[in-house]
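# Architecture and fold: a report
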Amino acid sequence: GNENHELHIIFFPFLANGHIIPCVDLARVFSSRGLKVTIVTTHLNVPLISRTIGKAKINIKTIKFPSPEETGLPEGCENSESALAPDKFIKFMKSTLLLREPLEHVLEQEQPDCLVADMFFPWATDSAAKFNIPRIVFHGLGFFPLCVSACTRQYKPQDKVSSYTEPFVVPNLPGEITLTKMQLPQVPQHDKVFTKLLEESNESELKSYGVIANSFYELEPVYADHYRNELGRKAWHLGPVSLCNRDKEEKACRGREASIDEHECLKWLQSKEPNSVIYVCFGSMTVFSDAQLKEIAMGLEASEIPFIWVVKKKAKSDDEKLEWLPEGFEERIEGSGKGLIIRGWAPQVMILDHESVGGFVTHCGWNSTLEGVSAGLPMVTWPMYGEQFYNAKFLSDIIKIGVGVGVQTWIGMGGGEPVKKDVIEKAVRRIMVGDEAEEMRNRAKEFGKMARRALEVGGSSYNDFNNLIEDLKSHKH
Ligand code: UDP
């Protein structure tokens, strides 16, 4: 309602696609409910944000990314996507510490009522305190990964095993979740500054006003309750944020510009049977080895399921064939209409929501996980890094709409044997055809419906948004 206009919220997303996209979606929720919203970012991230804002009424305020002299990074490296090598990534993380002063300058100018900042800005809690406003943390995660993270940090079960592959149970967590040390988020090159940053982000979360989860209550009631009641954290669930702002008039693409004509893509999908296509995409950061890409190509072809495959690895020039593909692969799949390869950025949510799509091969980033759930799809889980192993467990063991390819370690970031063609073929067929597939799809569709209901007037996410506004108002007065 109109009375919300008196509140001004500043959003400060981490400079990575998988963080910016849900944060802008979230900002759009606030704007659609009548609040004044400003997003703070660096110059080179503006196009990514503007595209995701669409027609929503949101201000963007830019701050300067530190110079190459200060960071040791090449010019133009303002998004983690351009800092994928481990040494660059660490420099990139350190550079973001220098954004504190410019952000505080904006807070001073704008005098907002609340700062919603990414977990990777641990200093933001103190920044907000300087101006007497609450800082809310946004990880872009749901309650299950938040609970697993909190419990592994608090009880350190990983310190009690003798190897990286020995399983342990996560203590004080419902559902008997087993993990190995290999599956915990790891710090590249065991860098001390980065390790400290993660520790500080945990402390800053505990000191913060609370956490916004990208989830809905019905998806993970046990873990939503656990996070609040057992772990004692203040949290609001406002998701799935990807569903909040669908406007048929707007272009479907979030983040980067799509590398395929959207009508072209829809036409291809339109020519397929309902639930017959599998969509294969590993988020915005994963780059596979040539050997792994080849196994994926062969596995998809052998499965005989029509597919859309998003490949981040680029050919040297657009005309050049992708030399790692099996002999004659592109001609065969294009000729038969069996597959569509998108090189670069796909309009993911548009594709997932299309009725012809019946399954999703995913790296289990939380955004992709929740977008798959919202679209009512069973998933092949192929976690790579970060909290993705937790999300994969959630899909396969908790809500039971996922089938794994058996990845036990961080193969996505180099090292490890590629997952073989046969394993991929089997997993794809298991979620696409047969009784088990149908059972999983029915369950997934139920979750998809619940997700939509959660956002409607009176739904769980809608109501929790009201709770958050009430909290912010009473904090202000
Ligand atoms: N995404 C997209 N097109 C792509 C790849 C990714 O639109 O080709 C979007 C996807 O819909 C999701 C986000 O980018 O919202 C990726 O976030 P996620 O947490 O799944 O993975 P990350 O990129 O952080 O590893």
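Here, every reference points to the structure presented above.
What this report covers is the structure whose coordinates are included nearby.

Calculation criteria
Residues numbered from 1 in each chain as written. Predicted model: local features only at pLDDT ≥ 70, side-chain atom pairs only at ≥ 80, totals over all residues. Near = placed C-beta within 6 Å. Helix = DSSP H or I, 4+ residues; strand = E, 2+ residues; numbered from the N terminus. Nonpolar A, V, L, I, M, F, W, Y, C, P; charged D, E, K, R; others polar. Pairing = 2+ DSSP bridges. Axes fitted to C-alpha atoms, helices over the stretch in contact; angles between N-to-C directions. Buried ≥ 20, exposed ≤ 12 C-beta atoms within 10 Å, placed from the backbone. Right-handed = clockwise from strand over helix to strand, strands pointing away. Contact = placed C-beta atoms within 7 Å.

## Focus on the site of the ligand
- Gly-18, Gly-283, Ser-284, Gly-365 and Ser-368 are the nearest of the 19 residues found near the ligand.
- Looking at the shell around the ligand, the elements with two or more residues in it are helix H1 (17-32), helix H14 (348-352) and helix H15 (366-374).
- Residues of the shell around the ligand, tallied by class, amount to eight nonpolar, nine polar and two charged.

## Digging into the sheet that holds strand E10 (residues 277-281)
- Reading across from one edge, E12-E11-E10-E13-E14-E15 is the order of the six strands in this open sheet, with parallel pairing throughout. Both outer strands of the open sheet, strand E12 (339-343) and strand E15 (402-404), are each paired with one neighbouring strand and no more. Neighbouring strand axes in the sheet, compared pairwise and without regard to direction, differ in orientation by 20° on average.
- Across five bridges, strand E11 (residues 307-311) lies against E12 in parallel orientation.

## Focus on the pairing of strand E1 (residues 8-12)
- Here E1 lies mainly inside the structure; four of its five residues are buried.
- Here four bridges tie E1 to strand E2 (residues 36-42), and the two strands are oriented parallel to one another. Across the sheet, the residue bridging to His-8 is Lys-36, located in E2.
- The handedness of the E1 to E2 crossover, carried by H1, is right-handed.
- Of the strand pairs in this sheet, E1 and strand E4 (residues 114-118) are connected by four bridges, and their pairing is parallel. Within E4, the position partnered with Phe-11 by the bridge is Val-116.

## A short note on the sheet that holds E4
- The seven strands are arranged E3-E2-E1-E4-E5-E8-E9 in an open sheet whose pairing can be described as parallel. For this open sheet the edge positions go to strand E3 (59-63) and strand E9 (235-237), each flanked by a neighbour on one side alone. Across this sheet, the average inter-strand angle for adjacent strands is 25°, counted without regard to direction.
- Pairing of strand E8 (residues 210-213) with E9 involves three bridges; the strand directions are parallel. Paired with Val-211 across the two strands is Ala-235, which belongs to E9.
- Those strands touched by helix H2 (residues 46-53) are E2 and E3, and its axis lies near 170° from that of E3.

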